[in-house]
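Below are the chains, spelled out letter by letter.
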Amino acid sequence: MYSLRELQTAFADAVFQHDEGPLLACCAGDPARAAQALQVYREGVLTSLTGALTLGFPLVGRIVGDDFLRAVARRYALTRPSRSGDLNRYGGDFADFLADFAPLAELPYLADVARLEWAIQQVGAAADAAAPDLSRLAATAADDWGELCFELIPAHAVLVSVWPLYDIWRVNQPTHHGSCQVDFSLAQSVLVSRRPDAGVVVTALETAEAAFVRALDAGCSLYQALSVVPDTASFDLQSSLSRLIGLGLIGRVHC
Amino acid sequence: MPVVPRDCALPVQAGIGLRAAHLDEVCADWPRLAWVEVHSENYFMAGGPALAALESVRQHYPVSLHGVGMSLGGADALDPDHLRRLKRLVVRIEPAAVSEHLCWSAIGGRCLNDLLPLPYTREALQRVCQHIDQVQQALGRRILLENIASYLRFLPEDLLEWDFVAEVARRTGCLLLLDINNVYVSAVNHGFSAQSFLDAMPADAVAEIHLAGHEEVGGLLIDTHSRPVAQPVWALFYDAVRRFGPRPTLIEWDRDLPTLAVLQNEAAQAQGYLDAYRERHDVLPA
């Protein structure tokens, strides 16, 4: 007689590793029917895991085709089971899996697309922020802005890519009309953020701007953040700040 | 222990399971719905538009939070993060009811994210009761426990499934969410009498009823939630209403989701059974 843990472990092994013997040994009734029932459970588990991925990574599906995505997702589900009872948290390392998946070697940018889709999911679910408070900025002379810290709202993510990630995302939107040409020599970073009125917004970022946003997010003062921006010639602080404020990314300014 | 509003304040009417695909339509028109039930885990996030939508829904309808991932019957300890997120949601939404399934879904760090059957042993009974105690203590309220549909049964067992359910309710004081479709599906699959199941249920503890559709695959009934409620399930539902009295009743539909109007029609049919019972027994509508 199995303990509860032994029986449940045998069940999981039967589902993920097709190792059915130990579980079927303790099933009531006709063994063939029990094997059929077990197959129903296996398909149920794998269908819900792959379903979570096809729902969460629609852009990957659009690029590789839904059937292919389902097949890859099934492979992922068999080797990397869910770690949470909340299926919405499944797929955090799907991008890494895609990066190492040999049949997708000809689509090297696909992992970054998956990272972007995961970021979109996370930003959509991140904590709400209080109304922005930029009073400190208005009350500080421009010459002294260097000491200010810009606290970003929780609902954002910055993705740095060696691929034209923003353009790949843009031309694959259902609302996109016109040319689907993408210049693969470009490297684009992307900001994913959420506004109370507009949901999740995806914006292209210059490489310098991405470094700047990341530095602000790490708690750097404006002065410190500017010192890590790699190519200051293409970076305009005024327009960048006003763009970030316009996106609702700055939650609070403090010293 | 009788049902008190603190633990279950759902109206004794027929409501619907509200899924993401219908959320925008509901939030645009606020159609007439007696109450709605959502899957708790779909609102475990810290913030954002989905959670805000649920808060709006809560302003318009009584809401039941129905968990699918706590793994109450798991040999592992409960996931503290899962419980913390449920509690945060309960505090935020102040739901009319909080329910979970009598099943397991994770072992040794592997989550199967499915409602899996337990062996009905004394060990499992003790484990489930410990976990329900822990959840009820954390939430500061009694939960409703739902019987699942199953396709496998394990031997040896110390109790019959219905005695196991009743014993869990007796030991923990939890309420019962009686899923009539699940009783029917399991009764057909395992060859027991659905009446035996209903006979064993403590009437005072039955706080909610679920109805859903199933499918037959190779002689096995599968609880797919993809169809209208089947005729024998309606008959068993009315039998349950006669035994336990009218209860808050929910139409669940998860796969091949129809229009909201179809769900409303199914709920109206369930409401018809509740009303018919009241008319025959002179029970005033709740």
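Model, not experiment: these values are computed from the prediction.

About the criteria used
Residues numbered from 1 in each chain as written. Chains lettered and ligands numbered in written order. Predicted model: local features only at pLDDT ≥ 70, side-chain atom pairs only at ≥ 80, totals over all residues. UniProt positions renumbered as here; feature names shortened; annotations may be inferred. Helix = DSSP H or I, 4+ residues; strand = E, 2+ residues; numbered from the N terminus. Pairing = 2+ DSSP bridges. Axes fitted to C-alpha atoms, helices over the stretch in contact; angles between N-to-C directions. Contact = placed C-beta atoms within 7 Å. Expected span 1.5 Å × (residues − 1). Buried ≥ 20, exposed ≤ 12 C-beta atoms within 10 Å, placed from the backbone. Arc of directions from axis to C-beta. Nonpolar A, V, L, I, M, F, W, Y, C, P; charged D, E, K, R; others polar.

Peer 1: I would appreciate a short explanation of the UniProt feature "domain: Putative DNA-binding" (unreviewed entry) in chain A in the present structure.
Peer 2: UniProt marks residues 6–98 of chain A with the feature "domain: Putative DNA-binding" (unreviewed entry), using the numbering shown here. Summarising residues 6–98 of chain A: 73% helix, 0% strand, and an end-to-end C-alpha distance of 33 Å.

Peer 1: I would appreciate a short explanation of the sheet that holds strand S3 (residues 63–66) of chain B in the present structure.
Peer 2: Across a sheet, paired strands are connected by hydrogen bonds in the backbone, their directions being either parallel or antiparallel. All names here are of chain B. The strand order S1-S2-S3-S4-S7-S8-S9-S12 describes a closed barrel built from eight strands, whose pairing is parallel. Direction aside, the axes of adjacent strands within the sheet are offset by 30° on average. Bridge analysis of S3 against strand S4 (residues 97–101) gives three bridges, and the strand direction is parallel. Of the residues in S4, the one forming a bridge with His66 is Ser99. Across the sheet, helix H6 (residues 180–190) lies against strand S8 (175–179) and strand S9 (206–212), angled at about 65° from S9, the strand it touches most.

Peer 1: Please explain helix H5 (residues 161–172) of chain B as it appears in this structure.
Peer 2: One turn of the α-helix equals 3.6 residues, which is why residues spaced by three or four share an orientation. All names here are of chain B. A rise of 1.5 Å per residue sets the reference length of H5, with its 12 residues, at 16 Å; its end C-alpha atoms lie 17 Å apart and thus fit the reference within 8%. Buried within H5 are the following residues: Glu161, Trp162, Phe164, Val165, Val168 and Ala169. Along the axis of H5, the buried residues cluster in a sector spanning 165°; they form a single face. Lining the buried residues of H5 we find helix H4 (122–139), strand S7 (144–146), S8 and helix H7 (194–200).

Peer 1: Explanation requested: the interface of chain B and chain A in the structure shown.
Peer 2: Many authors give the size of an interface as the accessible area that is lost as the parts come together. Taken together, the contact between chain B and chain A spans 40 residues of the former and 40 residues of the latter. Secondary-structure elements contributing two or more residues to the side of chain B that touches chain A are strand S5 (104–107), strand S6 (110–116), H4 and strand S11 (220–222) of chain B. Looking at the side of chain B that touches chain A element by element, the count peaks at six residues for S6(B). Counted by class, the side of chain B that touches chain A contains 21 nonpolar, 12 polar and seven charged residues.

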